[in-house]
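Breakdown of the fold
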Amino acid sequence: MSEWTNERIEKLKSCDGKVGEIPISMIRANQNIRKRIDEDDPAFKALVESIRTHGILQPPIVTVITNENGVSSILLVGGERRLRAAKTAGH
C-alpha cells in the first residue's frame with residue numbers, strides 16, 4: 001500500500017465525519033477494543049457471508065493518530081467485529 005503515505009494518512013484528519021474507503025490492511029486495532037469475538041458464532045458467520053455478498057454496509061469508525069515521531073496511523077474506534085468479519089470474508 002505504498003500510495004498510503006504518512007502525508008496521505010494525515011490528510012484524512014480533514015475528513016472528520018465523512019465516509020470514505022480505506023484499505024482494511026491500513027486500519028490498526030485499538031488496544032481498548034474488545035479482545036474476544038466468537039468466530040464460530042452463527043451470527044458472526046452470517047455477518048461474514050453478508051459482507052461477502054454485499055460488502056461492508058456500515059463502515060467501521062476510525063481516527064488518525066500521530067505518534068511522537070510524527071508517524072501517522074489509522075486507528076479503529078468502533079466496529080471491531082465488522083472489521084474482523086471483513087478480513088475473514090477476504091476483503
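Our structure is the block above this text.
Residues numbered from 1 in each chain as written. Predicted model: local features only at pLDDT ≥ 70, side-chain atom pairs only at ≥ 80, totals over all residues. Heavy atoms only, no water.

1. Quick look at the overall build of the chain
Counting secondary structure elements, the chain contains three helices and three strands. Seen along its three principal axes, the alpha-carbon backbone of the chain occupies a region of about 40 × 25 × 25 Å. Buried residues in the chain amount to 30% of all 91 residues. In the chain, the proportion of contacts linking residues at least 24 apart, taken out of those at least 6 apart, comes to 67%. Working note: accessible area of the chain is about 6400 Å², and carbon and sulfur atoms make up 49% of it. (Helix = DSSP H or I, 4+ residues; strand = E, 2+ residues; numbered from the N terminus. Buried < 20%, exposed > 50% of the residue type's maximum accessible area, 1.4 Å probe, protein only. Contact = heavy atoms within 4.5 Å. Areas by Shrake-Rupley, 256 points an atom, 1.4 Å probe, with all protein chains shown as cover.)

2. Quick look at the sheet that holds strand 2 (residues 61–66)
Read from one edge of the open sheet, three strands run 1-3-2, paired in mixed fashion. Two strands bound the open sheet, and with one partner strand each, they are strand 1 (27–28) and strand 2. (Pairing = 2+ DSSP bridges.)

3. Notes on helix 3 (residues 80–89)
Residues Glu80, Leu83, Ala85, Ala86 and Ala89 constitute the buried set of helix 3. As for helix 3, its buried residues are in contact with strand 1, helix 2 (42–54) and strand 3 (72–78). Immediately beyond the C-terminal end of helix 3, within one or two residues, lies glycine 90, with a positive phi of roughly 90°.

4. Here's the deal with the packing of helix 2 against helix 3
Contact geometry for helix 2 and helix 3: axes closest at 8 Å, N-to-C directions at 65°. At the point where helix 2 passes helix 3, the crossing takes the right-handed sense. Of the residues in helix 3, those in contact with Ala43, Phe44, Leu47, Val48, Ile51 and Arg52 of helix 2 are Arg81, Arg82, Arg84, Ala85, Ala86, Thr88 and Ala89. Across the contact of helix 2 with helix 3, the residue classes tally to eight nonpolar, one polar and four charged. (Axes fitted to C-alpha atoms, helices over the stretch in contact; angles between N-to-C directions. Left-handed = near helix turned anticlockwise from the far one by under 90°. Nonpolar A, V, L, I, M, F, W, Y, C, P; charged D, E, K, R; others polar.)

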